[in-house]
Amino acid sequence: MPNERLRAVMAAGGWTYAALAQQVEVDPKSVERWVNLGRIPRRATALRAAKALGEDVHALWPALRQARPARAISPELVALCEQRADLPVSTFTDLMAQARERIDILVYAAVFLHEAYPRLNELLTERAAEGCTVRIAIGDPDSDNVQARGKEERFGHGIESRCRLALMHYRPLASTPGIEVRTHGTTLYNSLYRADDQQLVNAHVWGVNAYAAPVWHLRRHEAGGMFDTYAESFDAVWTTATPVREEG
């Protein structure tokens, strides 16, 4: 998929493929592939390009910052990341792109997904068109628990605003066959991102913003376990949530 962040930075700075290629000593075709195909350069090349563009290398190529492999504590645990901010957004979107049967998202807002990947709605629509059931539960900005979270994380009314922004992002999907969007007012202990038998769990820590809290990547084990526990938690919240209708 295209690297829209790199495209925008180059456009803002007036960089052509040829100019950046000359600066970092690669072929212009390589730069074109970075932008249009989302190819990732070698780390040393990426660092030179980021320096020339005046950008953080991980902002341009998040995949260069990898989560640590998890120790063999559980057959379900694929990887553990110390904080969500260190995890490339492509980890979330690639997981969804691979889904064939189910995508479940349980968050308060998680607007970082739309901010970093503007094609998210298109991706979810494509998956639904291929037969995937998509369920999205976002926080009700007027609920007591959402407002309490803002105080606990020293975010003030910011979390309520982000919930409203998330609703604005997701509402156009409300009439899409195979996709259902709901709002919930539950206490959110973890944000969940499920795609078939894989799941990213963003744990929430009192007084800490979600981006600074850990994420563990689970793959469902045939014997059940943690994955099923979180999946059942999603289902429990879903039954309490209120369907969102498309405006107009």
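Above this text sits the structure in question.
Below or above, wherever it landed, is the structure these notes cover. Every chain's residues receive numbers from 1 upward, in the order its sequence appears when written. Only residues with pLDDT of at least 70 are given local features in this predicted model, and only at 80 or more are side-chain atom pairs given and counted; all residues enter the totals for whole chains, interfaces and linings. Only heavy atoms go into the side-chain values, all of them from the structure, while hydrogens and water stay out.

### Quick word on the overall build of the protein
- What the protein contains, in helices and strands, is eleven helices and nine strands.
- Compactness check: the protein gives a C-alpha radius of gyration of 19 Å against a globular reference of 18 Å for 248 residues, within 12% of the reference.
- Based on the C-alpha atoms only, the size of the protein along its principal axes is roughly 55 × 50 × 40 Å.
- Of all 248 residues assigned to the protein, the portion counted as buried reaches 47%.
- Of all intrachain contacts in the protein linking residues separated by at least 6 positions in sequence, the fraction that spans at least 24 positions is 66%.
- As used throughout, the charge tally considers Lys and Arg to be positive and Asp and Glu to be negative, leaving His and the chain termini uncounted. Taken as the charge location is NZ of Lys, CZ of Arg, CG of Asp or CD of Glu. Counting 29 positive and 31 negative side-chain charges, the protein places the centres of these two groups 5 Å from one another. Only DSSP runs of H or I covering at least 4 residues are called helices, and only runs of E covering at least 2 are called strands; the numbering of each starts at the N terminus. We compute the radius of gyration from the C-alpha atoms alone; for a globule the expected value is 2.2 Å times N to the 0.38, where N is the number of residues. The rule is simple: take the accessible area with a 1.4 Å probe, protein chains only, and divide by the maximum for that residue type; under 20% is buried, over 50% is exposed, in between is partly exposed. In what follows, residue pairs with any heavy atoms lying within 4.5 Å of each other are defined as contacts.

### Quick look at the packing of aromatic side chains
- Ring pairs are drawn from Phe, Tyr and Trp, using the six-membered ring of Trp, whenever the two centres fall within 6.5 Å, and their geometry is named by plane angle: stacked under 30 degrees, edge-to-face over 60, tilted for the rest. Counted according to the given criterion, the structure contains four aromatic pairs.
- A centroid spacing of 5.7 Å and a plane angle of 85° characterise the contact between W34 and W61, whose relative ring orientation is edge-to-face. Of this pair, W34 sits in helix α3 (residues 28-36) while W61 sits in the loop between α5 (57-60) and β1 (68-69), and the two are 27 residues apart along the sequence. There is no split in this pair, since W34 and W61 are both buried.
- Both rings, one in F234 and one in W238, keep their centres 5.7 Å apart while their planes meet at 20°; by these two values the pair is stacked. With F234 and W238 both in helix α11 (residues 226-240), this residue pair falls four residues apart, about one helical turn. This pair shows no difference in class: F234 is buried, exactly as W238 is.
- Aromatic rings pair up to connect F92, F112 and Y193 into one cluster.
- R84 extends its terminal NZ or CZ atom over the ring of F112, reaching a point 3.8 Å from the ring centre.
- In this analysis the charged atom, NZ for Lys or CZ for Arg, is taken to sit over a ring once it is within 6 Å of the ring centre and within 35 degrees of the ring normal. Here the guanidinium or amino end of R135 rests over the ring plane of W238, the centre of that ring lying 5.5 Å away.

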